[in-house]
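Below, each chain spelled out in residue letters.
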Amino acid sequence: MEEHLPPAFDCIILGAGPAGLCASVYAARKMMATLLLGKVLGGQVATYYDVENYLGFSVIEASDLIARFREHVDRFGLFRKTGISITAANLDGPVKSIVTDEGETFRARTLIIATGKRPRTLDIPGEARLTGRGVAFCSTCDAPLYRDADVAVLGGGNSALEAAADLCKVARSVKLFSIGPLTADPFLAESVGRNEKLVVFPRHRALEILGEQSVTGLVVKSLDTGIEASVAVEGVFVEIGLTPNSELFAGKLALNPKKEIIVDLACRTSAPGVFACGDVTSVPYKQIVTAVGDGAKAALSAYHHILGVPPDH
Amino acid sequence: MEKAVIVFSAPTCPICKMLKEFLAERRVDYTDYDVTSDAEAFARMKKVSGGLRSVPVIKVGETVIAGFEEKELARALAGLPRAG
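Residues numbered from 1 in each chain as written. Chains lettered and ligands numbered in written order. Predicted model: local features only at pLDDT ≥ 70, side-chain atom pairs only at ≥ 80, totals over all residues. Heavy atoms only, no water.

Focus on the overall build of chain B
Spelled out, the test is: Helix and strand definitions follow DSSP, with helices as H or I runs of at least four residues and strands as E runs of at least two, each counted in order from the N terminus. With C-alpha atoms as the basis for the radius of gyration, the globule rule is written as 2.2 Å multiplied by the number of residues raised to the power 0.38. The cut-offs for exposure are 20% and 50% of the maximum accessible area for each residue type, with area from a 1.4 Å probe on protein chains only; residues under the lower value are buried, those over the upper are exposed, and the others partly exposed. Two residues form a contact once any of their heavy atoms are found within 4.5 Å. Using a 1.4 Å probe, accessible areas were evaluated by the Shrake-Rupley method; residue-level cover was limited to the displayed protein chains. Within this scheme the basic residues Lys and Arg register as positive and the acidic residues Asp and Glu register as negative, but His and the chain ends are omitted. Note on charges: their place is set at NZ of Lys, CZ of Arg, CG of Asp or CD of Glu.
A count of helices and strands for chain B gives three helices and four strands. Sequence-ordered secondary structure for chain B, helices as α and strands as β, is β-α-β-α-β-β-α. Scaling as 2.2 N^0.38, a compact globule of 84 residues should have a C-alpha radius of gyration of about 12 Å, and chain B matches this with 12 Å. For chain B, the C-alpha atoms occupy an extent of roughly 35 × 25 × 25 Å along the three principal directions. Buried residues in chain B amount to 42% of all 84 residues. In chain B, of all internal contacts separated by at least 6 residues, the share reaching a separation of at least 24 is 56%. With the model as given, the accessible surface of chain B reaches about 4500 Å², and the carbon-plus-sulfur share is 51%. Of the charged side chains in chain B, 13 are positive and 12 negative; the average position of the first set lies 2 Å away from that of the second.

Topic: the nonpolar core
Quick reminder of the rule: Buried Ala, Val, Leu, Ile, Met, Phe, Trp, Tyr and Cys residues form a nonpolar core when they are joined through side-chain atoms within 4.5 Å.
Ranked by internal contacts, the top residues of the largest apolar core, which has 49 residues, are Ile112 of chain A together with Leu23, Ile58, Leu73 and Leu77 of chain B. Take this core: its biggest share by element is seven residues, from helix H1 (residues 18-29) of chain A. Ignoring sequence-local partners within four residues, the contact set of Leu23 of chain B consists of Val5, Val7, Val28, Tyr30, Leu73 and Leu77 of chain B. In terms of nonpolar packing, the next biggest core, distinct from the first, is built from 35 residues, Cys141, Ala160 and Cys168 of chain A together with Val35 of chain B among them.

Thoughts on the sheet that holds strand S16 (residues 228-232) of chain A
Residues and elements named next belong to chain A. Filter applied, for reference: One bridge is not enough; two strands pair if DSSP finds at least two bridges between them. Where helices are involved, their axes are fitted lines through C-alpha atoms of the stretch in contact, as for all axes, and angles between N-to-C directions lie from 0 to 180°.
An order of S14-S15-S16 is seen for the three strands of this open sheet, with the pairing classed as antiparallel. Each edge of the open sheet carries a strand with a single partner, namely strand S14 (204-210) and S16. Strand-to-strand, the axes of this sheet are offset by a mean angle of 25 degrees, without reference to chain direction. Bridging between S14 and strand S15 (residues 217-222) involves six bridges; their strand directions are antiparallel. Counterpart to Ala206 in the pairing with S15 is Val220.

A short note on the interface of chain A and chain B
By a widely used convention, the size of an interface equals the accessible area lost when the partners come together. Put simply, the test is: Any Lys or Arg side-chain nitrogen found within 4 Å of a carboxyl oxygen on Asp or Glu counts as a salt bridge. Any pair of nitrogen or oxygen atoms within 3.5 Å is treated as a polar contact; in protein, a donor-acceptor pairing is required on top of that, and neighbouring residues in sequence qualify only through side-chain atoms on both sides.
In this complex, chain A contributes 28 residues to the contact, which on the side of chain B involves 23 residues. The tally of links from chain A across to chain B stands at six salt bridges. The partner of Glu25 of chain B in a salt bridge is Arg70 of chain A, and the shortest N-O contact between them spans 2.8 Å. Linking chain A to chain B there are twelve residue pairs in polar contact (both at pLDDT 80 or more). Among the elements of the structure, helix H2 (62-74) and helix H3 (139-142) of chain A are those that each provide at least two residues to the side of chain A that touches chain B. By residue number, the principal contributor to the side of chain A that touches chain B is H2 of chain A, which donates four residues.

Regarding the pairing of S15 of chain A
Side-chain positions along a regular strand alternate between the two faces of the sheet. Residue and element names in this part refer to chain A. With five of six residues buried, S15 lies mostly within the body of the structure. Linkage of S14 to S15, two consecutive antiparallel strands, is achieved through a turn of six residues, within which Gly211 is found at a positive phi near 140 degrees. One ladder, built from five bridges, connects S15 with S16; its direction is antiparallel. Looking at the pairing, Lys221 lines up with Glu228 of S16. Joining the antiparallel neighbours S15 and S16 is a turn of five residues, in which Gly226 adopts a positive phi near 80 degrees.

Brief notes about the state of the cysteines
Residue and element names in this part refer to chain B. Note the following rule: The disulfide criterion is simple: two cysteine sulfur atoms within 2.5 Å.
Per the counting criterion, the structure on display carries one disulfide over all chains. Between the sulfur of Cys13 and that of Cys16 lies a disulfide, 2.5 Å long from S to S. Since a negative S-S torsion denotes a left-handed disulfide, the Cys13-Cys16 link at about 90 degrees is right-handed. Assigned by exposure class, Cys13 and Cys16 land together as buried.

Overview of the packing of aromatic side chains
Residues and elements named next belong to chain A. Note the cut-off: Pairing of aromatic side chains here covers Phe, Tyr and the six-membered ring of Trp, requires ring centres within 6.5 Å, and sorts the geometry by plane angle: under 30 degrees stacked, over 60 edge-to-face, intermediate tilted.
Tallied over the entire structure, the rule returns seven aromatic pairs over all chains. Residues Phe9 and Phe79 carry aromatic rings whose centres are separated by 5.5 Å and whose planes lie at 75 degrees to one another, so their mutual orientation is edge-to-face. Of the two residues, Phe9 sits in strand S1 (residues 9-14) while Phe79 sits in strand S5 (residues 79-82), which places them 70 residues apart along the sequence. Given a relative accessible area of 1%, Phe9 falls into the buried group. What makes Phe79 buried here is its relative accessible area of 13%.

Here we look at helix H4 (residues 158-168) of chain A
Residue and element names in this part refer to chain A. To keep things clear, this is the line we draw: Regarding the arc, it is the one traced by the directions from the helix axis to the C-beta atoms.
Restricting attention to buried positions, one finds in H4 the residues Ala160, Leu161, Ala163, Ala164, Leu167 and Cys168. Down the axis of H4, the sector holding all buried residues measures 155 degrees, keeping them to one side. Each element contacted by the buried residues of H4 is listed here: H3, strand S11 (150-154), strand S12 (173-178), helix H5 (186-193), strand S13 (198-202) and strand S17 (235-238).

Notes on the packing of H4 of chain A against H5 of chain A
Residues and elements named next belong to chain A. Note the threshold: Put simply, angles under 35 degrees are roughly parallel, angles over 145 are roughly antiparallel, angles from 65 to 115 are roughly perpendicular, and the rest are oblique. The hand of a helix crossing depends on one turn: near helix anticlockwise from the far one by less than a right angle means left-handed, and clockwise means right-handed. Ten residue types, Ala, Val, Leu, Ile, Met, Phe, Trp, Tyr, Cys and Pro, are classed as nonpolar, four, Asp, Glu, Lys and Arg, as charged, and the remainder, Gly among them, as polar.
Across the interface, H4 lies against H5 with an axial gap of 10 Å and an inter-helix angle of 25 degrees. Judged by the angle between their axes, H4 and H5 are roughly parallel. Relative to H5, the crossing made by H4 is left-handed. The residues of H5 that touch H4, namely those facing Asn158, Leu161, Glu162, Ala164 and Ala165, are Leu188, Ala189 and Val192. Among the residues forming the contact of H4 with H5, the class breakdown is six nonpolar, one polar and one charged.

See below:
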């Protein structure tokens, strides 16, 4: 971070995941005075061990990909600050302003929102209190800590099956509870499902996570019979999808029913001068590569907004 | 000899790797324990953190930090006595 910041930027980018990082490269290339603010450099990528099929790499360690992103971004000498959160945003008028949790206010002519998504929580008793004490949201990080343990996975999509696969390598038993039928890729579901340690319970809802200092069990309910049962487990891995980090913009920008920011083909939001890209948006097919592409589009749209010309001018 | 900064980590944990890069950039010496292969270290991590079963856990002097929060860690590091 450089010491002397300009009084107002051409562009502030919120979020340091692939979308925000790529937007910063494209904004900087257009010689826009750019400030990149984010909580974690790499965003959600930082929670994965490796990344497959990002063009140019059939597989690459996530931390290596992030290091490459960072090296690339830092070549442009833009202002970058990570480890912070945004607490307020004013999107009205020709100059936008945002406030950080450090109490700083920054202003810019354009804003690019690339705040991504975070793991969705169940909001059931015990979940928040026991997070980190048996309740886990990152199997890549924490699965190895459950050697010879009985554990549960909640969810039926790809991330749930991948967590189950991680856990089957170390745990004694893995029970997977899914509200509906499995929605994971058939190849993944079939390959993980063959593991003898795994038992899948479709149409079961988790009601409560049990334990005082650490997780000791899970209460589940069969949606077919209505019967509730307590299952003894030391770990509960919650893998029920993601929720967009869009709360700050509710009532200020048009959101879809999933609370994603609605954008057009040029990554424009419902507010002039405010653009969005990546997983926080309504764009389908959330992938690193699509986030990166939309990051570039958002930056170019912001540039054209400042020039006062339409996109793709 | 154990350093003033202790990291409890797992080799597959990408956030642990980012944490170590953060410390290396700031030239902070630290002792790293792989809690997936060192049962004693795993037990110690749980003891110092009040029962946490999640990595990374960082101990800076007497301050224990769960997860990698840049600001919190920077504050804790700033409180360490300086050599020399």
